[in-house]
Amino acid sequence: MEPSIGIMDSGVGGLTVAKEIMRQLPNEPLIYFGDTARCPYGPRTAEEVRRFAWEVINFLQEFPLKMLVIACNTVTATMLEEVQQQLPIPVIGVIAPGVRAALQQTQTGRIGVIGTQGTIRSQAYERQLLQQNPTLHVVSLACPAFVPLVEQGRYRSAEAETVVREVLGPLVSEQLDTLILGCTHYPLLAPVIQRVMGEEVRLISSAAETAKDVYHYLKRYQLFHPSTGSGVTRQIFVSGDVRLFKQIAADWFGREFDVTSIHLPQVG
Ligand code: DGL
């Protein structure tokens, strides 16, 4: 089997990153794992996130991988360095690319960060933003109500609009010019978030910047897949319900995918 790019997330959110990788690198074989049975990771302890994520990574390592993309902010915030140290292949996360994109976009230096409790508690975004520019005004907010809206396919509902409006209320008066969607699930809510925050606020999803990082790694290590003209292998595995995941994937990509359900130990 040909070496693939492994992509992991706690659920459907990593598809936002997978879509950009497929757009920027259409010849690359991909293997995606969404741990939908145990999503969300955001409210869990770091120890639990670590245990679940390693189970997913160990599953992915049974395939020949040329690099691993941790397409989950919570896992990136909790254990990126640990995974980088232990795997013999390049491993990238989604936080540094999001920080880079926000720094490129902001003009006033007033940046908001929204994410899961785990990501916001880690302060990974603030630390990296302020390290690069200590004069920034950074406001962070955990939005635990957002992920269920996405995982359950309700991201276009009237309920989504109500929830987003209520949760983001404190940020609207902050005069932000840039808002980092610090959770890979949130781009599916982007139209609603944009309406609530106002058209003048730039929304940053790390997906496009992460895909650029993937490109640079493949280039640096000369790992590009030779374009053979035959179909590209893209495999998707989930630990939970296949039907809903397929529906969301079809909505997000505008095409159908085969999705395989794999049982991982249910411990939480
Ligand atoms: N995809 C996760 C992230 O980017 C959010 C979902 C979860 O809480 O597991 O943090």
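Bear in mind that the values here come from a model prediction, so they are computed numbers and not experimental data.

> Mind showing me how you'd approach the overall build of the chain here?
Tallying secondary structure elements over the chain gives 11 helices and 10 strands in all. In terms of principal-axis extent, the alpha carbons of the chain reach across some 55 × 40 × 40 Å. Across the 268 residues in the chain, those meeting the buried criterion constitute 55%. Considering only intrachain contacts with a sequence separation of at least 6, the fraction spanning at least 24 residues in the chain is 75%.

> Help me understand unusual backbone geometry, please; the structure alone is not making it clear to me.
Across the chain, the bulk of peptide bonds are trans and the bulk of non-glycine residues have phi less than zero. The omega torsion across Cys39 and Pro40 is 5°, close enough to zero to call that bond cis. For Gln175, which is not glycine, the phi torsion reads 50° and is therefore positive. Given the relative accessible area of 63%, Gln175 is considered exposed.

> How should the site of the ligand be read in this particular structure?
Around the ligand, 14 residues are found, and the nearest of them are Asp9, Ser10, Tyr41, Gly42 and Thr74. Within the side chain of Ser10, an N or O atom sits 2.6 Å from an oxygen atom of the ligand. Tallied by class, residues from the shell around the ligand come to 6 nonpolar, 7 polar and 1 charged.

> Would you take a moment to explain the sheet that holds strand 4 (residues 91–92) for this structure?
Strand order in the open sheet formed by 6 strands is 4-3-1-2-9-10, and the pairing between neighbours is parallel. Across the chains shown, the open sheet's two edge strands, defined by having one partner strand only, are strand 4 and strand 10 (260–261). When strand 1 (residues 4–9) meets strand 2 (residues 30–34), the two strands line up parallel, connected through 5 bridges. Along strand 2, the bridge assignment pairs Met8 with Phe33. Of the strands in this sheet, strand 1, strand 2, strand 3 (65–70) and strand 9 (234–238) are in contact with helix 2 (residues 46–60), which crosses strand 1 at around 160°.

> What should I look at first to understand the pairing of strand 1 in this one?
Along any regular strand, the residues point their side chains to alternate faces of the sheet. Counting buried positions over the 6 residues of strand 1 gives 6, a clear majority of the element. As paired strands, strand 1 and strand 3 are joined by 5 bridges and run parallel to one another. Along strand 3, the bridge assignment pairs Gly6 with Leu68. A crossover connection joins strand 1 to the parallel strand 2 through helix 1 (residues 15–24); in handedness this β-α-β unit is right-handed.

> Looking at this structure, I do not really get the pattern of salt bridges. What am I missing?
Scanning the model with the defined rule gives 16 salt bridges in all. Among the ionic pairs, Arg38 bridges to Asp35, the shortest N-O distance being 3.0 Å. Judged on exposure class, the residue Arg38 and its partner Asp35 are both buried. Between Arg50 and Glu82 there is a salt bridge, with the nearest N and O atoms lying 2.8 Å from each other. Taken together, the residues Arg50 in helix 2 and Glu82 in helix 3 (residues 73–86) connect sequence positions 32 residues apart.

> I'm lost on the sheet that holds strand 6 (residues 137–142) in this one. Help?
Pairing between sheet strands relies on hydrogen bonds along the backbone, with the strands arranged either parallel or antiparallel. The strand order across the open sheet built from 4 strands is 6-5-7-8, with neighbouring strands paired in parallel fashion. Single-partner strands in this sheet number two, and they are strand 6 and strand 8 (202–205). Looking at each pair of strands side by side, their axes are set apart by 20° on average, direction ignored. With 4 bridges connecting them, strand 5 (residues 110–115) and strand 7 (residues 178–181) associate as parallel partners. Note that in strand 7 the partner of Val113 across the bridge is Ile180. Lying over the sheet, helix 4 (residues 95–105) contacts strand 5, strand 7 and strand 8, oriented at roughly 155° with respect to strand 8.

> How should I be thinking about the state of the cysteines in this particular structure?
Working definition: the covalent bond between the sulfur atoms of two cysteines is a disulfide. Scanning the model with the defined rule gives 0 disulfides in all. For Cys39, which is in no disulfide, the shortest distance to another cysteine sulfur is to Cys72 and amounts to 7.8 Å. For Cys39, a relative accessible area of 16% puts it in the buried group. Looking at Cys143, it has no disulfide partner, and the nearest cysteine sulfur is the one in Cys183, 8.8 Å off. The class for Cys143 is buried, based on a relative accessible area of 1%.

What counts as what
- Residues numbered from 1 in each chain as written.
- Predicted model: local features only at pLDDT ≥ 70, side-chain atom pairs only at ≥ 80, totals over all residues.
- Heavy atoms only, no water.
- Helix = DSSP H or I, 4+ residues; strand = E, 2+ residues; numbered from the N terminus.
- Buried < 20%, exposed > 50% of the residue type's maximum accessible area, 1.4 Å probe, protein only.
- Contact = heavy atoms within 4.5 Å.
- Near = heavy atom within 4 Å.
- Polar contact = N/O pair within 3.5 Å; in protein donor to acceptor, adjacent residues only side chain to side chain.
- Nonpolar A, V, L, I, M, F, W, Y, C, P; charged D, E, K, R; others polar.
- Pairing = 2+ DSSP bridges.
- Axes fitted to C-alpha atoms, helices over the stretch in contact; angles between N-to-C directions.
- Right-handed = clockwise from strand over helix to strand, strands pointing away.
- Salt bridge = Lys/Arg side-chain N within 4 Å of Asp/Glu carboxyl O.
- Disulfide = S-S within 2.5 Å.

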